[in-house]
Amino acid sequence: MSAAPQSDPRRPRIPTWVRVVSVVAAGVVILSVTATLTGQYQLTSRGTTQAAVLLLLPILFAGLGGLWSERAGVINIGLEGMMILGTWGAAWAGYQWGPWAAVLGGIVLGALGGLLHAVATVTFNVNHIVSGVAITLLGMGVTKYLSTLLFEPISQNPRQSPRVEAFNTFSVQPVADSLASVESQQRVLLSDVAGLLGGLLSGLTPLVIIGFALVPISYLVLWRTRFGLRLRSCGENPVAAESLGVKVVTYKYVGVVISGALAGLGGAALTLNPGQLGYLEGQTGGRGYIGLAAMIFGNWRPGGLLAGSALFGYVDGVQLRAGGEAVHGLLYGATILAVGLAVVWVARRRWRAALIAAVAGAVVYGVYYSIDTVPREFAAYAPQLVTLLVLAVASQRLRPPAAIGLEYRRGEGD
Amino acid sequence: MTRARTVLLPPALAIVFAALLCAVALLISGDSPVTALRVMVTQVGEGTTAVDIVNSGAIYYIAALAVAIGFQMKLFNIGIEGQYRLAACVAAIVGGALVLPPVVHTLVIIVVAAVVGAVWAGIAALLKAYRGVSEVISTIMLNFIATGLIAFLIRPDSFGVLQGNNISTAPIEPSGHFPGISFGSSGTLFGMVAVAVLLGLGYWFLLNRTRFGFELKASGESPTAATAGGVDARRMVIIALVLSGAVAGLVGLPELLGRDLAYTLTSPQGYGFTGIAVALLGRNHPLGIALGALLWAFLDKSALALDNVGVPREIVLIMQGSVVLSVVIAYEIVRRYELAAEQRRVAAQLRSAAAAEKVAS
Amino acid sequence: MATSAAEFAVELSGITKRFPGVVANDDIHLQVRRGEVHALCGENGAGKSTLMKILYGMQQPDEGTISVNGEHVRFRSPSDAIKAGIGMVHQHFMLADNLTVAENILLGAEGLLGIGGAARRRIAELAGTVGLDVDPRVLVERLGVADRQRVEIIKVLYRGARTVILDEPTAVLVPQEVGELFDTLRAMRSDGFTFLFISHKLDEVRAIADSITVIRRGMSVGTADPASVTSRQLAEMMVGSELPSPETRDSTVTHREALRVEGLELAGESGARPVLTGIDLVVRAGEVLGIAGVEGNGQTELVETIMGMRRASSGTVALAGRDLSHASTLERREAGIGYVPEDRTRHGLLASQPLWANRMLGYQSRPPVSRGGFLGLLDRGAARRDTERIVAEFDVRTPSVDVPAAALSGGNQQKLVVGRELSGDPVLLIASHPTRGVDVGAQAGIWEELRRARARGLAVLLVSADLDELIGLSDRIKVMLRGTLVADADPATVTPEELGAAMTGADGSAEAVV
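Note that the structure is a prediction, hence the values are computed from the model and not measured.

Participant: What am I meant to see in the overall build of chain B here?
Facilitator: Secondary structure assignment for chain B yields 14 helices and four strands. Over its C-alpha trace chain B gives a radius of gyration of 23 Å, about what one expects of a compact globule, namely 21 Å for 361 residues. Within chain B, the proportion of its 361 residues that are buried is 54%. In chain B, 76% of the contacts between residues at least 6 apart in sequence involve partners at least 24 apart.

Participant: How do you make sense of the overall build of chain A when you look at a structure like this?
Facilitator: Regarding its fold elements, chain A presents 16 helices and zero strands. Here the C-alpha radius of gyration of chain A, 22 Å, is about what a compact globule of 414 residues would show, namely 22 Å. Expressed along its principal axes, the backbone C-alpha trace of chain A runs to roughly 65 × 60 × 40 Å. Burial status across chain A gives 54% buried among its 414 residues. Within chain A, contacts between residues separated by at least 24 positions form 79% of all contacts whose residues are at least 6 apart in sequence.

Participant: For this particular structure, what's the right way to read the nonpolar core?
Facilitator: Among the nonpolar cores identified, the biggest contains 296 residues, and Leu207 of chain A, Leu253 and Ile315 of chain B together with Ile212 and Leu499 of chain C are the most heavily contacted of them. Take this core: its biggest share by element is 15 residues, from helix α3 (residues 49-72) of chain B. Looking at which domains feed residues into this core, each of domain 1 (8-239) and domain 2 (257-504) of chain C supplies at least three. Discounting chain neighbours no more than four positions away, the residues touching Ile212 of chain C are His38, Ala39, Cys41, Val205, Gly222, Thr223, Ala224, Pro226, Val229 and Leu234 of chain C. Val261, Ile279, Met307 and Leu319 of chain C belong to the second-largest nonpolar core, a separate cluster that totals 31 residues.

Participant: Is there a simple way to explain the sheet that holds strand β19 (residues 428-432) of chain C in this structure?
Facilitator: The strands making up a sheet associate through hydrogen bonds between their backbones, and the pairing can be parallel or antiparallel. Residue and element names in this part refer to chain C. Reading across the sheet, the six strands line up as β16-β19-β20-β13-β21-β22 and stay open at both edges, with mixed pairing between neighbours. Looking at strand neighbours, the two that pair on one side only are β16 (337-340) and β22 (484-489), the edges of this open sheet. For this sheet the average axis-to-axis angle between neighbouring strands, irrespective of direction, equals 20°. Judged from the four bridges that link them, β16 and β19 form a sheet pairing that is parallel. Among the inter-strand pairings, Tyr339 is bridged to a residue of β19, identified as Ile430. The sheet contacts of helix α15 (residues 410-421) involve β16 and β19, and relative to β16 the element is tilted by about 170°.

Participant: Would you explain unusual backbone geometry in this entry?
Facilitator: Excluding glycine, residues mostly carry a negative phi; peptide bonds, for their part, are mostly trans. Residues and elements named next belong to chain C. For the bond running from Pro367 to Pro368, omega is 5°, close enough to zero to count as cis. Tracing the chain through its elements places Pro368 in the loop between α13 (355-360) and β17 (370-372). Although it is not a glycine, Asp425 sits at a positive phi angle of roughly 45°. Checked against the element boundaries, Asp425 lands in the loop between α15 and β19. Unusually for a residue other than glycine, Arg482 sits at a positive phi of about 45°. Structurally, Arg482 is set in the loop between β21 (476-481) and β22. Residue class for Arg482 comes out exposed when judged on its relative accessible area of 54%.

Participant: Got a minute to help me understand the packing of aromatic side chains in this structure?
Facilitator: Geometrically, a pair of aromatic rings is defined through the distance of the ring centres and the angle of the planes. On inspection of all chains with the given rule, the structure shows 19 aromatic pairs over all chains. Arranged with centres 6.0 Å apart and planes meeting at 10°, the rings of Trp88 of chain A and Trp92 of chain A form a pair that is stacked. Taken together, the positions of Trp88 of chain A and Trp92 of chain A, both in helix α3 (residues 79-97) and four residues apart, correspond to about one turn of that helix. The buried category is assigned to Trp88 of chain A, whose relative accessible area is 5%. With a centroid separation of 5.2 Å and 55° between ring planes, the pair formed by Tyr332 of chain A and Tyr368 of chain A is classed as tilted. Here Tyr332 of chain A is found in helix α13 (residues 302-347), whereas its partner Tyr368 of chain A is found in helix α14 (residues 351-370), with 36 residues between them in sequence. Linked through ring pairs, Trp88, Trp92, Tyr95, Trp97, Phe151 and Tyr279 of chain A together constitute an aromatic cluster. One Lys or Arg, Arg162 of chain C, reaches over the ring of Phe193 of chain C and ends 4.3 Å from the middle of that ring. A cation over a ring is seen here: Arg359 of chain C above Tyr363 of chain C, with NZ or CZ 4.7 Å from the ring centre.

Participant: What exactly am I supposed to notice about the side chain of His117 of chain A here?
Facilitator: Residues and elements named next belong to chain A. Position of His117 among the secondary structure elements: in helix α4 (residues 99-123). At a separation of 2.8 Å, a polar atom in the side chain of His117 contacts the side chain of Ser131. Setting aside chain neighbours within four positions, we find His117 in contact with Val74, Ile75, Asn76, Met82, Val122, His128, Ser131, Gly132, Ile135 and Val256.

Participant: Before we go on, may I ask you to explain the interface of chain C and chain B in this structure?
Facilitator: When the parts of a complex come together, some accessible area is lost, and that lost area is often taken as the interface size. Counting residues at the interface gives 35 residues for chain C and 27 residues for chain B. At the junction of chain C and chain B, the tally comes to zero salt bridges. Counting every contact that joins chain C to chain B gives 11 residue pairs in polar contact (both at pLDDT 80 or more). For the side of chain C that touches chain B, the secondary structure elements donating two or more residues are α11 (329-334), α12 (344-348), α13 and β18 (377-378) of chain C. Taken together, the residues of the side of chain C that touches chain B sort by class into 20 nonpolar, 11 polar and four charged.

Participant: Would you take a moment to explain the sheet that holds strand β8 (residues 194-199) of chain C for this structure?
Facilitator: Residues and elements named next belong to chain C. Read from one edge to the other, the open sheet built from six strands follows the order β6-β7-β8-β3-β9-β10, with strand pairing classed as mixed. Taken across any chain shown, the strands that pair with only one partner, and hence form the sheet edges, are β6 (86-89) and β10 (219-224). The average undirected angle you get between the axes of adjacent strands in this sheet is 20°. Taken together, the five bridges between strand β9 (residues 211-216) and β10 define a ladder with antiparallel strand orientation.

Participant: It is not clear to me how the environment of Gln91 of chain C should be interpreted in this structure. Could you clarify?
Facilitator: All names here are of chain C. One can find Gln91 in the loop between β6 and α3 (101-106). Taking the relative accessible area as the measure of exposure, Gln91 reaches 27% and is therefore partly exposed. With 81 residues separating them in the primary sequence, Gln91 and Val172 have C-alpha atoms 8.5 Å apart. Those residues in contact with Gln91 that lie beyond four places of it in its chain are Asp167, Glu168 and Ala171.

Participant: Where do I start with the pattern of salt bridges in this structure?
Facilitator: Once their charged atoms are close, side chains differing in charge can pair, the charge on each being opposite to the other. By the definition in use, this model includes 43 salt bridges over all chains. The salt bridge partner of Lys144 of chain A is Glu281 of chain A, with a shortest N-O separation of 3.7 Å. On the criterion of sequence distance, the pair formed by Lys144 of chain A in helix α5 (residues 128-155) and Glu281 of chain A in the loop between α11 (248-271) and α12 (287-297) is long-range, its members being 137 residues apart. The class for Glu281 of chain A is partly exposed, based on a relative accessible area of 26%. Across the pair Arg454 of chain C and Asp475 of chain C runs a salt bridge, and its minimum N-O distance is 2.9 Å.

Participant: What is the right way to read the pairing of strand β11 (residues 257-266) of chain C from this model?
Facilitator: On any regular strand, side chains alternate: one points to one face of the sheet, the next to the other face. Residues and elements named next belong to chain C. Two elements, β11 and strand β12 (residues 276-284), share six bridges in a ladder whose sense is antiparallel. The residue bridging Glu257 from the neighbouring strand is Arg284, located in β12. As paired elements, β11 and strand β14 (residues 314-319) share five bridges and run antiparallel to each other. Its bridge partner lying in β14, Glu262 is registered against Thr316.

Participant: Looking at this model, I keep getting lost on helix α9 (residues 226-236) of chain A. Mind explaining?
Facilitator: Every α-helix carries 3.6 residues per turn, so stepping three or four residues along brings you back to the same face. Burial within α9 of chain A is extensive, with nine of its 11 residues counted as buried. Every buried residue belonging to α9 of chain A is among Gly228, Leu229, Arg230, Leu231, Arg232, Ser233, Cys234, Gly235 and Glu236 of chain A, and all of these are buried.

Participant: Looking at this structure, how should I read the interface of chain B and chain A?
Facilitator: Counting from both sides, the interface comprises 43 residues of chain B and, opposite them, 44 residues of chain A. Of the roughly 3,800 Å² buried at the junction of chain B and chain A (both faces included), carbon and sulfur atoms supply 79%. The largest per-residue losses of area from chain B upon contact with chain A belong to Arg131, Phe144 and Leu325 of chain B, which jointly make up 16% of the total buried on that side. Across the contact surface, chain B and chain A share zero salt bridges. Here chain B and chain A share five residue pairs in polar contact (both at pLDDT 80 or more) between them. Where the side of chain B that touches chain A is concerned, the elements lending two or more residues are α1 (2-28), α5 (104-131), α6 (135-153), α12 (271-281) and α14 (315-360) of chain B. The class makeup of the residues in the side of chain B that touches chain A is 30 nonpolar, seven polar and six charged.

Participant: Just to check I follow, could you spell out the pairing of strand β7 (residues 163-167) of chain C for this structure?
Facilitator: All names here are of chain C. Of all five residues in β7, five are buried; the element is thus mostly enclosed. Of the two faces of β7, both are covered, the one formed by Thr163, Ile165 and Asp167 as well as the one formed by Val164 and Leu166. One ladder, built from four bridges, connects β6 with β7; its direction is parallel. Note on β7: the bridge partner recorded for Val89 is Leu166. Relative to β8, β7 is paired through five bridges, and the arrangement is parallel. Along β8, the bridge assignment pairs Ile165 with Leu196. The β-α-β motif built from β7, the intervening helix α7 (residues 175-190) and the parallel element β8 has right-handed crossover chirality.

Conventions and cut-offs
- Residues numbered from 1 in each chain as written.
- Chains lettered and ligands numbered in written order.
- Predicted model: local features only at pLDDT ≥ 70, side-chain atom pairs only at ≥ 80, totals over all residues.
- Heavy atoms only, no water.
- Helix = DSSP H or I, 4+ residues; strand = E, 2+ residues; numbered from the N terminus.
- Rg over C-alpha atoms; globule rule 2.2 N^0.38 Å.
- Buried < 20%, exposed > 50% of the residue type's maximum accessible area, 1.4 Å probe, protein only.
- Contact = heavy atoms within 4.5 Å.
- Core = buried A, V, L, I, M, F, W, Y, C linked by side-chain atoms within 4.5 Å.
- Domains from an automatic or database assignment.
- Pairing = 2+ DSSP bridges.
- Axes fitted to C-alpha atoms, helices over the stretch in contact; angles between N-to-C directions.
- Phe/Tyr/Trp six-rings, centres within 6.5 Å; stacked < 30°, edge-to-face > 60°.
- Lys NZ or Arg CZ within 6 Å of the ring centre and 35° of its normal.
- Polar contact = N/O pair within 3.5 Å; in protein donor to acceptor, adjacent residues only side chain to side chain.
- Salt bridge = Lys/Arg side-chain N within 4 Å of Asp/Glu carboxyl O.
- Nonpolar A, V, L, I, M, F, W, Y, C, P; charged D, E, K, R; others polar.
- Buried area = accessible area lost by both parts, 1.4 Å probe.
- Right-handed = clockwise from strand over helix to strand, strands pointing away.

Here's what the structure looks like:
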């Protein structure tokens, strides 16, 4: 039990909000510079941001789902399957009773998937990953079966639901309009900020609001309430929690079921996405896994996973809206980022990290210089590539819940 | 006796349970489970079904072996999917470009496939060993990236050829084919089925008779104890994942070398996930996996037959999903029960021995 | 409130608890007066922990009754026990490292004062009671062992416990910290708290307890008055026979160097201060070198660095003159180092594998386990036969070599590990806490084996927290403190108290020879 001495607890820390603001500001500046220097104005346009918001939403919900489950100590790789169930449930309820019913339908079916995962992992102690994979397989099977049974007679297509009415979109007026006018003036930085903000404030649906609201809500519930403390204790040291009278099994069940519900909500977000007809087989396209990756990227914290989802949503939005050349432009932005980090680390005398950042910057710039556009096939999978890179660089600084994935049985403490 | 019970009971229970579940689903949707079962059983004797089952089973078998190698040391190679597809694609490109004498040509293709699978898994292996990245996440990401890479590789301006409205790699010359065994109207057995059998034997031998197999199992059971016992954990992670990837690289070959002869955008997908399911069914045992693979293939083929009599074919997917979930639960319950029974037995024997000693002294 | 007539804070009568194959508690009676420190003594495996788990509601008795303050109670879970005013401080701390001190305390008791200011004030107050001086907002992972124990006690008090069960509270403390703990307990006793103190350290029991209950093999064998009973008498009540003693007889030390470690250094993780610095030591054939130290001062790391499980940042390790500084763990084992790890379940055994497969662990590259060759073929028949030899020679109680290791008792598992590590004629045996958590019989057996091996010329590096064991078995003792060897001691003359002082650096001269 070597209590490794860590950084001095008395050293004043930079407040979290200052760090968040500076990171966001740095990101905006980098994007703005990149857009200006490469002429890829799509990088900061309202349209790109809007697309990014809609694309990040399912990832965000899945990531939040992962958070709730893993904080309770249960690895949830079945998010993908629960999300698939959610898309079907949303479509089934949605085409009959409208978009709010769709939201509810997605939540309910996702939660059922979560319940199954909880039964397998918590009650029967099945390996969490095994159960997750099995649930994904089962989710695919069940939705296909049910679609054939219930959708095909109406839509004439077993892979597709009848049309589901979506939410009306709305914008925050008059701010959105004035931002649009600033954006069209093409002024450095100012127009970029206006474009990014404008995208966040227009073309909204209730689900976007719910999604962004759930981030602080998850934080408050998990870190500032007694319920959250108990739930997290199950992920950190269930034996200790049990010895203090916490009903570990119950909390794990609750965590995993909420996790499934959130994944299902992510499925509903896909079904209700503007421009979507409704349920479409294979619609999730692995977003459940990406959500999990976003959560890991975010170090098992709500703010972090929002950042991760935003990154994935943004890169996805850029390549969908603006194509390979804009993604190519992002390489330039990545170079700036790497150089910036190198400078910061040199200032902090962290030579090795600085050197790695500098080399990485040089490599990325080399790629940027040698090709004109990122092939479509790669641009589409940029988020996955980014995930892999981020994990390779940062995984050792991550702090997952201590008892995650471990077998737990009641009354076996000590 | 008890051993047979431990091994056979869980899967039997799981299959019965899953079948019941499906029967209920069918009843609810207004179909007859009895008809469905009859159709499923009788289809085996019809047409090429039996041979098809063995052919598919061999593919699933190779995929499941690849998964099982990782499972032995509790590594989850979810990336079989990406590894085999990329391997098949590159092997098809290389095989289509080369002109070599028969046998050598085939061997070269097989080796290329294994190497590509190993390299793709090797990325995840290195990330795990040196950066501590969970192989679960990295292999999932690599699956996506492989899809992109394949799409890029078989673009007509890379290595692809436009054939009708499908893109494919250049076809492999006959010298590179792996000849099958023809059963006339009952179909042709892939030659790679033999390779699958050999792989199974090799897997068994490696695991139970060699130092590597022992170290692999020890690392899976207790990484800390293995380290103290002189097993280099990092090296084992790399070897296990690379080996798993190499085997995974062969998954696409039975169809590539025995039927398709080129890799196309529409080449089959999903064998990687099937492999995971089959490895779970067979509990990583070479024979168990073989049975699981055949069961899975049988269910697959049933889908077509069921469709013909108007039963929704997707019922098979539910059956497969629920079999996997219930079998892992069943294994877990039996495992726990057996360990408790073993402890009781040891304690009881020791008590009676102690009592006998006391009487003697 | 209970009637003041009730003399006993806690009364257990006729408690019986059976597990598959064992009777852990057999008709146990225990009476604890209000406001006393009541010690519960018994050797490992006597059933103390089970009894306390029953009292704390973690397990339910098959027979027998529990009374608290004269009233019959039934505890279905720890919450019931907490409600009745009973709290427990577990031997292995029940703390979540990644939660703050305050969160650990409040967990499960949020209903009392909420999780806001009132709760903070109460925690501060209790921190004063037990002498905890840290910010409740820091993560528990930053705390040392003694502070963690204080947090555990606060947890219990916060829930309003008036009766506190302390399960082997001194096992992880150095003598000076034990003194502080006892001061706290005495102060709290005069405030009316009742303590149930579980221990097998008899001197401590006699120092703190007001009354003593002894249990043996799941049965209560009687009570004793600490004022009049001697440690020897207590020990004989616990064991039921003459005590084994670890004393080594004649010296068998030779001049042949088996292990030489020079300037060994192990860097801390990511820039933290080094875990080991400037370690020099020599162990000769036929010699037992003991390493004393409070846990967490680098003994574990020293052993694992010598074994090659951790990479030294500088320094050399040589075995019988052969430089092994850059060798892998397996190479070091092949060169003749046997290793009895401190935690056999984590480092010594493959729990679900049969005994004969466990025989292969660490020997997978050598005869009789391996046939060698390119594929590294294993000889399973030979492994089985050799396992049978170990079972016979080392008196491992097992029906066969085919049962999984997990089915054996702790003592038999340890005998198997010791037997395995002594096979193949090792030059050096590194034994970390070789008798921790084993019953007295197995302990005596293991001591005897170590002595015999020493007589055959084996060099032994012995790390132990049991100072009696260390003094009894060693030819020389070195004391380890904060990653360095700070003092030498002669086991023929040193007392446990002197060793304890050196272990904490409290003897004033860290470099002195005790």
